[in-house]
Each structure stands twice: as structure tokens, then as C-alpha cells.
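# Summary of the model geometry
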Amino acid sequence: MKLHVAREDDQSSANTLLRDDPKFASQKIAFFQYTAVAVFLFLITGFWDLQIRNPEVYQERALENSVKSIPVLAPRGKILDRDGRVIVDNHSSFSLYLSRENLKMEHLRPIAEGLNLDYDSLVARVRRFQSRGAPVYEPIPIKEELTPGELAFVDSHKDLSTFPELEVVRVQHRLYPRDGLAAHVIGYVGEISESELDSPELARFHQGDIIGKDGIERQYNDQLMGVDGQKRVEVDSFGNERHVLDDKEAVSGKNLQLTLDLDLQAVAELTIENRKGAVVALDPRTGEVLAMVSRPAFDPNLFAGRIRSKDWKVLLDNPDHPLLNRAVQAQQAPGSTFKPIMALAGLESGVIDDNFHISCPGGATFYGRFFKCWGKHGTVGLHQGLVHSCDTFFYNVGNRLGIDRIAQYAEMVGYGHKTGIDLPHEAEGLVPSSKWKIRNFRERWYPSETISVAIGQGATTVTPLQMAFAIGGMSIGGMWFQPHLVKDAVHLMPARRAEVNLENIGKVVSGMYGVVNEGGTGVRAHLPGVNVCGKTGTAQLASNDLLKGTSYGATHKDNAWFVGFAPCESPEIVVAALFENGEHGQLAAPIVRDVLKAYFDKKIRLAKPQPQLAHIPTGLLEPPPPVPTATASVTP
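Residues numbered from 1 in each chain as written. Predicted model: local features only at pLDDT ≥ 70, side-chain atom pairs only at ≥ 80, totals over all residues. Heavy atoms only, no water.

## A short note on a nonpolar patch on the surface
Residues Val37, Phe40, Leu41 and Ile44 make up a contiguous nonpolar surface patch of about 380 Å² in total accessible area. Using a relative accessible area of 49% as the deciding quantity, one classes Leu41 as partly exposed. (Patch = residues over 30% accessible without salt bridge, like charges linked within 9 Å, V, L, I, M, F, W, Y side chains within 5 Å. Areas by Shrake-Rupley, 256 points an atom, 1.4 Å probe, with all protein chains shown as cover. Salt bridge = Lys/Arg side-chain N within 4 Å of Asp/Glu carboxyl O. Buried < 20%, exposed > 50% of the residue type's maximum accessible area, 1.4 Å probe, protein only.)

Next up, the structure:
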């Protein structure tokens, strides 16, 4: 009993001590009070920072989560022919971009799978953009020409919960003519490459920009390109546009009118179809290029966005080199088309005159070596030497002139130098001379080497454009106008005039008239009603003796040339044609003939009076006057 009472007394005394201890209670209350004050101060500090101290910063961050920057790409200017007909246009399509502000690397794999893109290539592309240090607001283009299925994939996955970095942009893609029409003249556009970004000329462009890569597209890129715009839109949580915050419109590029005549261009394309070679037609009085063809060609539409690697490989591996613009880059021996230059050089220098004749038994011996002629022409003077293209005659002319005087007159007409045409990558050809050989081979020039040069062989090379330019300038009296492809071109060099005797030019032109109209080697270029002058050329790629018994015979057949102009008395057009491996110059003559015919047929057609509508008297077009109402008389 005493023990139980003692326990109750101890328990009650302990409870009384805890309940009545003021120190314990105050500590507990103070802890909760300080905690509440700290939380309150933290909240107050956060609200102060958000709403008073830095409201613009946080407002901008909030807007970044709901605002997208969409590029507005400027369409390139159209390319027109001399009559205003459209050669190159644009077509509307959709391209896919990745917004770098919302980009997450872990999204790239499902995006690549959904759009049939190579994942590794996509990652490499993104890394390349990031390493270039481009501004974050510049999106990354990843796919052009989206299909309806791809558009549906993007629409269903571009909300903020899936792939907010996906952005579809309406763009204007280049639309080029089919079948490679004028492909080498026009060129193509494509995405700027890493090496181009490092060049000073293109330093102002950015990764992903579409620029002109070749041809007119490259030469006049600044004029054809417009100025891109940008649109900033507010979007909801599903990525749908709510309203436009800022809209900077794009400025379209300027249209470009060329000197090309689509009618002549189409005919020239057809004349050399399924062959290797080039055709150039120009107006020698102005330098305007009327047609320019290189075959085989390529489809510029393949490059309109980013060319596929397999298509690029096919073009590069093609042994016929379809990307080569043979009109301005094929440097080939001119063969007998060089003989009019030799004739003019001989007359101007006085080494030959009207009384100079030689005997052609089928060749001649010079410096202990026999040089063949393609035929046996008997006694030959200048006129017949040109008409029948006698090699023996021009061997003798060349031997009298010497290599340096040949080089002087060849350079006078424009060989061995770029013409200055407004196209990139023009080749300059080669005119050998004694200085040239010493500079390049540290050897002196041997007189026997001159004999081959005299008939357009040896080291001599020209381009089809140079040939048309040289013969055209000579045909109008020794004046050469800079070739160009853009109407109303600026910064053209003044016409270059040579002090030559017009009588001597007349003698050369007379011989070229005989080539076509007096049973010469170019009779296939004859046109009824048009006085055509011309010259054939057959140029060896390798000695026939060396090719015997080898497998290179088909690919090393002689090149066929023909250059012609008309009308003889006042030339308006000159056409040069290169038919690679055509064997005989006479086979290139019909190519030039067809282009000349198209030119003069069109000229006649345009000269005819156009049918007029029958005149309708003005009175018949006016409504008839109202019929007066008759007043009825009432008989009383």
C-alpha cells in the first residue's frame, strides 16, 4: 500500500515539473517563431526580386517559354531570257527547322526516326551549328520539301510536351528547267559549305544559308538574293500560334534578265543532244551571248535544297563529267579552225601575199620530218588553202612566221586569255611561245614544233567561247566586245580594237565563205538565202599511230570543230561548236547551221507584220438610239 502511494506521488510531481517549466515552453515557441519569420523573409525577398528589382529579366525569361522566332526567307529573284520569258522561277514548299532556344539533344533520335533522317548526320549537323557560335535565335534547317506525311508528324509532335523545337517554315525553292536546259549557264543554289564560310568573299553569310553555287546563280548571287525577315509569335502550351508580336517582312531578290534567247538555246540543246561537246552563239557587235550549251548536262533541281549524297556521288563518278561547263572550261586543240588566224597573221606580217602558192603532194618535210596533209591539193594559194583546209599550205605559213609571231596574232584575237564573261571558273586556254616553254619547261623552242601549232595542234588550246569570240571579232573588222550574259550589264570593258588591214580581213572572210559555199570542207553549213562563212576543224587527242592496237581508240577519237558566222557582208551572229570525239569537223557543221537557221527564221518571223483585228465602226459598238413613241390620233 505504501509503495503504490509513493509511485503516484512521484508521477504527479514529474508532470507538475514539466507543465510548470517556463524555460522549456519558451524555447519551443521561439523555434517556431524564428522559422516562420525566416520563411516569410524568404518569400518577401523573392517577391521583391521578381516584381521590383529585376522584373524585366524574369518577364523576358517567361516570354522565352511562350514566344518563337520564325525565319521568313526571302525568295530569290527570277531569271529571265532576253525577251522576258521566265527561265528560273520559285515554287512554294515547306522546310523543317530546329529552334535552338528549345532544342534538347535527347529529342534528336525520335525526330530522326519520325522523319527518316540519319541520326548521326543530324547530330553532326547540330554540333556544327553550335560550334560555329551562331546566335541562338538562328534556327537549324534539317529537311526541305516536306511531304504531307512528314507535315502530319510535325503537327502532332510540336507541342511543348513533346518536341517544341520543331518549326515548319514556308519557303520558296528554286524551280529550274527540265532536262538540264541551260544548266551550266544558270548554275544552281545550295547550302553554304564549311570551306565557303571561311572564305572572305562569303564571310557575311551564316551556316545554313542558301547561296548561288555556280553559273549565273553564283556570279550574281548578291543581286538575286533578297533580305530575310523574321516573325516572333506567342504560342500556347500546344505550340499553336496565339498572336504575332513582331513581323519583319522579307525583301525579295531582284529579277535578272539574260541575253540568252530561249528559242536559240532550245535549238542548240537539241543539236548536240546525246553527244559530248558545247555550242556558243553570240552577237559579235555587242558581245551578248545568245545561246550557250554544254553536254552532258545535269539537273540543277537536285541542288535546290541539299543534294543527296548518292546523287552527288553519281555526278562525281560520271566519266563524262556533266558538271564541267565545256563552253568556258573545255580547253582543246582548235585544229584547222586556227587557220583563219594563221592566214591573217601571214598577210598582216607580210610573209605571204596573193601571189604566194605552194604545191601539196600530200604533205611536206620540215627539219628532217615528214608532216602529212589530209589530202593532195596540188598548187594551192591562200583562198584555196582555206576552202580545202590544206595542211601543207599552212605548214609553210607557220614555218615562215615562227612561233612568236603566231603567238602574237593568236593573242591579238583573244586566245590565251580569259574573255571576261560573267561566269565563274572560266579557263584561259594556252598559246605556246618561246618564252612560255622556257618559263614552264626550262627548254628552248625548237622550230619543228611550230609546224604542228600552225594547224592548231601541239600545245595550243582554246575554249568554244574563245573561238566564237575570236572569229566574231575578226569578222567585224578587228573589234572585240566583252562577252556577257546579262542584259544592260555594267562594268563591261570597252571594246578592244586591233590595227589590222581590212582588206586582209576581207581575204580571210572570202576564204571562209568558200569553205561553206564553194565546195569546201564546210558545205553542210550551207543555208539557202543566207551567206554563211565558216571553218571546219579536226583536232587529234593522240597520235593515230599510238592508238593502234590499244583499247583507247573510242575515247580518243579526234574532236570535231566548226565555227561560222552570218551574214558574210555584215555579221550578226557567230556560232562555235565542239563535238568531242566527232572525228571530222564536217560533222560539227550541221550543229552550227541549225542554230544559224533558227536565228534567221526568227528574225524573218518577227519582221512580218502581225495580223490586225478587223476595224469595227464605232457606231456598231454603240447602242441604237431609242425609237420615238408614235402619238395615236383620235378621230372625233
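## Quick word on the confidence of the model for the protein
When pLDDT is averaged along the protein, the result is 86; 83% of the residues meet or exceed 70. When the criterion is pLDDT under 50, residues 630–636 qualifies, and its contacts beyond four places in sequence or with other chains add up to zero contacts. (pLDDT = per-residue confidence, 0-100. Contact = heavy atoms within 4.5 Å.)

## So, the side chain of Asp209
Its location among the elements puts Asp209 in the loop between helix H8 (194–197) and strand E7 (210–214). It turns out Asp209 is buried and unbridged, and the closest side chain with the opposite charge, Arg204, is 8.4 Å from it. Here His206 takes part through its backbone nitrogen, which lies 2.8 Å from a polar atom of the side chain of Asp209. Excluding residues that lie within four positions of it along the chain, Asp209 makes contacts with Gly190, Glu191 and Ile192. (Helix = DSSP H or I, 4+ residues; strand = E, 2+ residues; numbered from the N terminus. Lys, Arg positive; Asp, Glu negative; His and termini not counted. Polar contact = N/O pair within 3.5 Å; in protein donor to acceptor, adjacent residues only side chain to side chain.)

## Focus: the pairing of strand E3 (residues 86–98)
Where strand E2 (residues 79–80) meets E3, two bridges bridge the pair, whose relative direction is antiparallel. Considered in E3, the bridge of Ile79 is made with Val88. Between the end of E2 and the start of E3, which pair antiparallel, lie five residues, with Gly84 showing a positive phi angle near 90 degrees. Alignment of E3 against strand E5 (residues 166–175), held across 10 bridges, turns out to be antiparallel. (Pairing = 2+ DSSP bridges.)

## Side note on empty space enclosed by the protein
Taken as a whole and assessed by the stated rule, the structure comprises three cavities of 30 Å³ or more. Of the voids in this model, the largest cavity is the one considered here, and its volume is about 50 Å³. Surrounding the largest cavity, Leu282, Asp283, Pro284, Gly287, Ala468, Phe469, Gly472, Gly473, Trp480, Phe481 and Pro483 form its lining. With four residues, helix H20 (residues 464–475) is the largest single contributor of residues to the lining of the largest cavity. Here the lining of the largest cavity is composed, by residue class, of seven nonpolar, three polar and one charged. Of the volumes computed, that of the second largest cavity is approximately 50 Å³. Around the second largest cavity, the lining comprises 14 residues; the ones closest to its centre are Ala182, His184, Met292, Val293 and Ser294. (1 Å grid on protein atoms, 1.4 Å probe; cavity = no way out; pocket = protein on both sides within 12 Å on 5 of 7 lines; lining within 4 Å. Points joined across faces, edges and corners; volume = space filled by probe spheres on them. Nonpolar A, V, L, I, M, F, W, Y, C, P; charged D, E, K, R; others polar.)

## As for the packing of helix H14 (residues 339–349) against helix H21 (residues 502–517)
Running from N to C, H14 and H21 cross one another at 150 degrees; their axes reach a closest spacing of 9 Å. One finds that H14 runs roughly antiparallel with respect to H21. Judged by the sense of rotation from one axis to the other, the crossing of H14 with H21 is right-handed. Contacts from Pro340, Ala343, Leu344, Leu347 and Glu348 of H14 reach H21 at Asn504, Ile505, Lys507, Val508 and Met512. (Axes fitted to C-alpha atoms, helices over the stretch in contact; angles between N-to-C directions. Parallel < 35°, antiparallel > 145°, perpendicular 65-115°, else oblique. Left-handed = near helix turned anticlockwise from the far one by under 90°.)

## Comments concerning the nonpolar core
Counting residues in each nonpolar core, the largest one holds 97 residues, and the members touching the most others are Ile216, Met292, Phe393 and Tyr415. Broken down by element, the residue count for this core peaks at seven residues, all from H20. Residues in contact with Tyr415, not counting those within four places in the same chain, are Phe338, Ile341, Ala410, Val431, Val462, Gln466, Met467 and Ala470. Ranked by size, the runner-up nonpolar core spans 30 residues in total, among them Val293, Ala525, Leu527 and Ala588. (Core = buried A, V, L, I, M, F, W, Y, C linked by side-chain atoms within 4.5 Å.)

## Let's talk about helix H5 (residues 119–131)
Given a rise of 1.5 Å per residue, 13 residues ought to cover 18 Å, and the 18 Å separating the end C-alpha atoms of H5 matches this to within 8%. Those residues of H5 that fall on the buried side of the exposure criterion are Leu122, Val123, Arg125, Val126 and Phe129. Down the axis of H5, the smallest arc covering the buried residues is 160 degrees, so these residues share one side. Residues of H5 that are exposed and point more than 90 degrees away from the buried face comprise Asp120 and Ser131. Buried-residue contacts for H5 involve E3, helix H4 (108–114), strand E4 (140–143) and strand E6 (188–191). (Expected span 1.5 Å × (residues − 1). Arc of directions from axis to C-beta.)

## Description of the side chain of Thr463
Its location among the elements puts Thr463 in the loop between helix H19 (447–453) and H20. According to the relative accessible area criterion, Thr463 is buried, its value standing at 0%.

## Details of the sheet that holds strand E21 (residues 573–579)
Strand order in the open sheet formed by five strands is E12-E11-E21-E20-E19, and the pairing between neighbours is antiparallel. The open sheet has two free edges, formed respectively by strand E12 (289–295) and strand E19 (533–539), since each of these has just one partner strand. Sheet twist, expressed as the average angle between the axes of neighbouring strands with direction ignored, equals 5 degrees. Alignment of E19 against strand E20 (residues 559–566), held across seven bridges, turns out to be antiparallel. Looking at E20, one finds that Gly534 is bridged to Gly564. Where H20 meets the sheet, it contacts strand E11 (277–282), E12, E20 and E21, and its direction lies at approximately 30 degrees from that of E11.

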